[in-house]
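Summary of structural features
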Amino acid sequence: MKKQIIILFFLILALYLVSASFLNYHLMILFFIGIISSFIGTLAGGGGLITLPAMMLTGIPIQTSIATNKFSSGIAAFSSVFYLIQQKHLSIKTIIQNLFSAFLGGVGGALITTHLFEKTMNMIAFILLFFALIVTLKSKGWNETAQGAHYESTKKIWTHFVIFSIAVYDGGFGPGSSTFSILYYMKKEQTYLKAVQLTRVLIFGSCAGAFIIFYQTGFIQWSYALAMAIGSIIGSQLGILVLPKVSLKMAKLLLITIMFFLITQMTYKIL
């Protein structure tokens, strides 16, 4: 059954690629941008490093780029969450606990971003990323096994506040939000594997909340959004499949590299 579903998926994908190539080369570009950014974003965050600049280079306005990115990222994260539920890697209870706070944060972030200058958001991101980089570099070791008892503390107000805050940032801006989330969950003594899985839930919630707000603005371009979404789903699924094979050493290197590039990008935008 799984093999038939995979074959059907790739047949649909092949038909899409053929039709897209005749319709608009922008759709092909966005499709591949979605695959690459979602794959990297799933494993270490920083997908926005690729997505937003690449879309703007193709001539897509910034508002449309942000709205499109929220839609495609949300769909990709949903596909990951669906897979994790199906494989019983995460419980429905755990997902709901994280999803609610993230959804509210995404809505809040999208509303806030309409009242803040981009330079202010860049400055906030720079400070947070620099701090996260120092913490990561000073960390001597990461967990090989999850400390389940610690995660039961997700009912605490502080944990929901952090999830909400990361989702606010993701809903209104985005670059580095997955990285922040992975680092936070690992600080809660989760494994890298579990931290990435929980981050997919957070990103789904924040993107869903933000998309509702951005949709009301009328900036969504559905042909672009669907092309990105299909590519993002593939990239996200590839990331989830590769995830168990990523060593802690490689994971730490990925996170540090992504944070370095994010800090460089933020510095350039601030200056």
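Look up a bit, the structure's there.
Residues numbered from 1 in each chain as written. Predicted model: local features only at pLDDT ≥ 70, side-chain atom pairs only at ≥ 80, totals over all residues. Heavy atoms only, no water.

**Focus on the packing of helix α9 (residues 177–187) against helix α10 (residues 192–217)**
Packing of α9 against α10 leaves a shortest axis separation of 8 Å and a crossing angle of 130°. Looking at the two axes, α9 sits oblique to α10. Where α9 crosses over α10, the handedness of that crossing is right-handed. Note on element contacts: α10 touches α9 through Y192, A195, V196, L198, T199, L202 and I203, opposite S177, S178, S181, I182, Y185 and M186. Tallied by class, the residues present in the contact of α9 with α10 amount to 9 nonpolar, 4 polar and no charged. (Axes fitted to C-alpha atoms, helices over the stretch in contact; angles between N-to-C directions. Helix = DSSP H or I, 4+ residues; strand = E, 2+ residues; numbered from the N terminus. Parallel < 35°, antiparallel > 145°, perpendicular 65-115°, else oblique. Left-handed = near helix turned anticlockwise from the far one by under 90°. Contact = heavy atoms within 4.5 Å. Nonpolar A, V, L, I, M, F, W, Y, C, P; charged D, E, K, R; others polar.)

**Here we look at the pattern of salt bridges**
Scanning all chains against the criterion turns up 1 salt bridge. One salt bridge in this structure joins D170 and K70, with 3.6 Å as the shortest N-O distance. Here the residue D170 occupies a position in helix α8 (residues 157–172), and K70 occupies one in helix α4 (residues 62–86), the gap between them amounting to 100 residues. For D170, a relative accessible area of 4% translates into the label buried. (Salt bridge = Lys/Arg side-chain N within 4 Å of Asp/Glu carboxyl O. Buried < 20%, exposed > 50% of the residue type's maximum accessible area, 1.4 Å probe, protein only.)

**Let's talk about the packing of α8 against α10**
The geometry of α8 relative to α10 is characterised by a closest axis approach of 9 Å and an angle of 45° between their N-to-C directions. Classified by the angle their axes make, α8 and α10 are oblique. Once α8 is placed against α10, the crossing between them reads as right-handed. Facing I163, I166, A167, D170 and G171 of α8, the residues of α10 in contact are L202, I203, S206, C207, A210 and F214. Along the lines of polarity and charge, the residues of the contact of α8 with α10 split into 8 nonpolar, 2 polar and 1 charged.

**With respect to the nonpolar core**
If you look at soluble globular proteins, the nonpolar side chains tend to sit buried side by side. Counting 39 residues, the largest nonpolar core has L129, I182, Y185, Y192 and L202 as its most contacted members. Within the residue set of this core, elements represented by two or more residues are α2 (25–44), α4, α5 (92–113), α6 (118–138), α8, α9, α10 and α12 (248–270). The element best represented in this core is α10, accounting for 8 residues. (Core = buried A, V, L, I, M, F, W, Y, C linked by side-chain atoms within 4.5 Å.)

**Here we look at unusual backbone geometry**
Its identity as a non-glycine residue notwithstanding, K88 has a phi of 60°, on the positive side. Mapping K88 onto the fold places it in the loop between α4 and α5.

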